[in-house]
Amino acid sequence: MPSDYIRKQTLANAERFYTPELKELENTILGSEDKLNHLENVMYTQLVRLLSDNVERIQRTAGAIASCDVLCSLSFVAQKQGYVRPKMNTEGRIRIEEGRHPVVEMMIPSGSFVSNDTLLDDQDNRIAIITGPNMAGKSTYMRQTALIVLMAQLGSFVPARSAEIGIVDRIFTRVGASDDLASGQSTFMVEMNEVANILKNATPQSLIILDEIGRGTSTFDGLSIAWAVVEHIADPSILGAKTLFATHYHELTELEGRLPGVHNYCIAVKENGEDIVFLRKIVKGGADRSYGIEVARLAGVPQSVIDRSREIAATLSDDEIRNRMRDLSETEQEDEKEGKRSSRKKHPSDQIEGQLSFFDSFSTYDLKKEEVLKTIAELDMDHMSPLDAMNRLYELQGKVREFA
Ligand SMILES: Nc1ncnc2c1ncn2[C@@H]1O[C@H](COP(=O)(O)OP(=O)(O)O)[C@@H](O)[C@H]1O
Ligand SMILES: [Mg+2]
């Protein structure tokens, strides 16, 4: 063993040595982490001290740079996309000429976005009911209006040919279906919570965007809720806020003329044989039907399914469903009078020969219906909060759906 090697340890079949150089290296390595931490700490403290001495100045600079950034971005996009300077007013008048959706117009091939006008005020043009098939552009149109108002109020130019914007206190939106499964809320419950929030908090100076409310439940419930919501908003003694209301229930177009300030608009489509062409242009008037089957066809649903749905649609007009519902409840009332609720076997649909048995699936439902009706009869309405009522309704609907 070289003479400068120092014995460290004797093992069963080996001996370990070290040299002074190795020892020194060991110390350097072991101590370096401590040194690193110390150094970092010193430098960090220095930096914090430096910053805290100048914190106001730095924050002011950051604020100024942020403002510059926002204003530069707004003017950059305004110039690039041809925005105009809106005229603001306090009379609540929103008049947009050839408005565009600032995001959608950039996502689709340049020049293909179809611009649309908007007119809302506090007098005769408070509510616009917008009908039209799926994919027609209803949501885009409503959101573009909300965005233009928002952009104008934050001081930006807006995507339009000209715009007069009445200042609003808030913009309320109920848009798109979203489930909050984690907190145990169904789509419909979320939707109704949002509607409740809007109806409670909106003022006559608000702008409300309602996109297809009443979608998450049965047609009749949904239509009834949507109808009642429009009545509530349209009544200036209750709310009277400016509202854009898109709906697939073309029945709601009947509200024009019945309620003050309500007007129908629809998004034009061109029928071309079995196909439809979306023109994306908003025009006065209501859609006469929903074009669901045509849209399903465009989306590539198999032809056999399309043909069959046309067949079914032909036998099932809305009126017919309504009549059958009425038949169903009348038969029940008679049975109740005669005291033979559960013994009833004859079904209204049994009586319509050669027709589609639309209500056959209701037979189990009939048996359980009594239970649901009983629960409803026993509800203590006087001591229920609106939320309790919603919850009970939701629960009952669950039951009904289970058996329907
Ligand atoms: N004004 C428009 N010009 C061009 N394309 C549009 C326009 N409005 C909508 N679109 C296109 O149509 C699609 C569907 O529009 P959307 O507003 O979701 O329809 P709806 O709500 O009626 O079902 C959009 O994603 C967009 O690509
Ligand atoms: Mg939509």
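One structure accompanies this document, and this report is about it. Given the structure is predicted, the values throughout are model-derived calculations rather than measurements.

## A look at the overall build of the chain
Scanning the chain for helices and strands turns up 12 helices and 12 strands. Partitioning the contacts of the chain with sequence separation of at least 6, the portion at a separation of at least 24 is 65%. Taken as a whole, the chain presents about 24,800 Å² of accessible surface, with 54% of it coming from carbon and sulfur.

## Digging into helix α1 (residues 20-53)
Three or four residues apart is the spacing at which side chains of an α-helix point the same way, because the helix has 3.6 residues per turn. Taking 1.5 Å per residue, 34 residues should reach 50 Å; α1 reaches 48 Å between its end C-alpha atoms and fits that length. A maximum bend of about 35 degrees is found in α1 at S32.

## Structural notes on the site of ligand 1
Taken together, 14 residues surround ligand 1, and among them V114, M135, K138, S139 and T140 come closest. At 3.0 Å, a backbone N or O of G137 approaches an oxygen atom of ligand 1. In the environment of ligand 1, an oxygen atom lies 2.6 Å from a nitrogen or oxygen atom belonging to the side chain of S139. Here ligand 1 has 560 Å² of accessible area as a free molecule, and 79% of this is covered by the chains. Per-element accounting of the shell around ligand 1 gives the leading share, three residues, to helix α4 (residues 138-154). Across the shell around ligand 1, the residue classes break down as seven nonpolar, five polar and two charged.

## What to know about the environment of Q79
Checked against the element boundaries, Q79 lands in helix α2 (residues 55-81). Note: C-alpha distance between Q79 and F157 (78 residues apart in sequence) is 9.1 Å.

## Examining unusual backbone geometry
The phi torsion at E98 lies on the positive side, around 50 degrees, for a residue other than glycine. Take E98: it is sitting in strand β4 (residues 94-99). Judged by its relative accessible area of 33%, E98 is partly exposed. At M135, a position not held by glycine, the phi torsion is positive, near 75 degrees. Tracing the backbone shows M135 in the loop between β6 (127-131) and α4.

## Considering the pairing of strand β5 (residues 116-120)
Taking every second residue as pointing to the same face, the buried face of β5 carries N116, T118 and L120, while none of D117 and L119 on the other face is buried. Two strands pair when backbone bridges link them, and β4 and β5 are joined in this way by four bridges, in the antiparallel orientation. Directly across from G99, in β5, lies its bridge partner N116.

## Quick word on the sheet that holds β4
Overall, mixed pairing links the four strands, which are arranged β3-β7-β4-β5 in an open sheet. Looking along the sheet, the strands with just one partner apiece sit at the ends: β3 (87-89) and β5. In this sheet, adjacent strand axes meet at a mean angle of 15 degrees when their direction is disregarded. Pairing of β4 with strand β7 (residues 162-166), which is carried by three bridges, proceeds in the antiparallel orientation. In the sheet register, R95 faces β7, and the bridge partner there is E164.

## Some thoughts on the pattern of salt bridges
Applying the stated criterion across every chain, the model contains 18 salt bridges. A salt bridge links R174 to E194; its shortest N-O distance comes to 3.6 Å. Within this pair, whereas R174 is found in strand β8 (residues 171-174), its partner E194 is found in helix α5 (residues 187-201), the two being separated by 20 residues in sequence. Classification of R174 as buried rests on a relative accessible area of 4%. Judged by its relative accessible area of 26%, E194 is partly exposed.

## Quick word on a nonpolar patch on the surface
On the surface, a cluster of nonpolar side chains totalling about 350 Å² of accessible area is made up of L47, L50, L51 and I58. Of the residues forming the nonpolar patch, the biggest block, three residues, is contributed by α1.

## Re the side chain of T118
Along the chain, T118 falls in strand β5. On the basis of relative accessible area, T118 is assigned to the buried category, the value being 4%. Separated by 3.3 Å, the side chains of T118 and T145 make a polar contact. Ignoring any residue separated from it by four or fewer positions in sequence, one finds T118 in contact with I94, R95, I96, Y141 and T145.

## Quick word on the sheet that holds β8
Strand order in the open sheet formed by six strands is β8-β9-β10-β6-β11-β12, with mixed pairing between adjacent strands. The outermost strands of the open sheet, each flanked by one partner alone, are β8 and β12 (275-284). The average undirected angle you get between the axes of adjacent strands in this sheet is 15 degrees. Where strand β9 (residues 207-211) and strand β10 (residues 242-246) come together, five bridges link them in parallel fashion. In the sheet register, I209 faces β10, and the bridge partner there is L244. Each of β8 and β9 is contacted by α5, which is oriented at about 160 degrees to β8, the strand it contacts most.

Parameters at a glance
- Residues numbered from 1 in each chain as written.
- Chains lettered and ligands numbered in written order.
- Predicted model: local features only at pLDDT ≥ 70, side-chain atom pairs only at ≥ 80, totals over all residues.
- Heavy atoms only, no water.
- Helix = DSSP H or I, 4+ residues; strand = E, 2+ residues; numbered from the N terminus.
- Contact = heavy atoms within 4.5 Å.
- Areas by Shrake-Rupley, 256 points an atom, 1.4 Å probe, with all protein chains shown as cover.
- Expected span 1.5 Å × (residues − 1).
- Bend = angle between axes of the 7 residues up to and from the residue.
- Near = heavy atom within 4 Å.
- Polar contact = N/O pair within 3.5 Å; in protein donor to acceptor, adjacent residues only side chain to side chain.
- Nonpolar A, V, L, I, M, F, W, Y, C, P; charged D, E, K, R; others polar.
- Buried < 20%, exposed > 50% of the residue type's maximum accessible area, 1.4 Å probe, protein only.
- Pairing = 2+ DSSP bridges.
- Axes fitted to C-alpha atoms, helices over the stretch in contact; angles between N-to-C directions.
- Salt bridge = Lys/Arg side-chain N within 4 Å of Asp/Glu carboxyl O.
- Patch = residues over 30% accessible without salt bridge, like charges linked within 9 Å, V, L, I, M, F, W, Y side chains within 5 Å.

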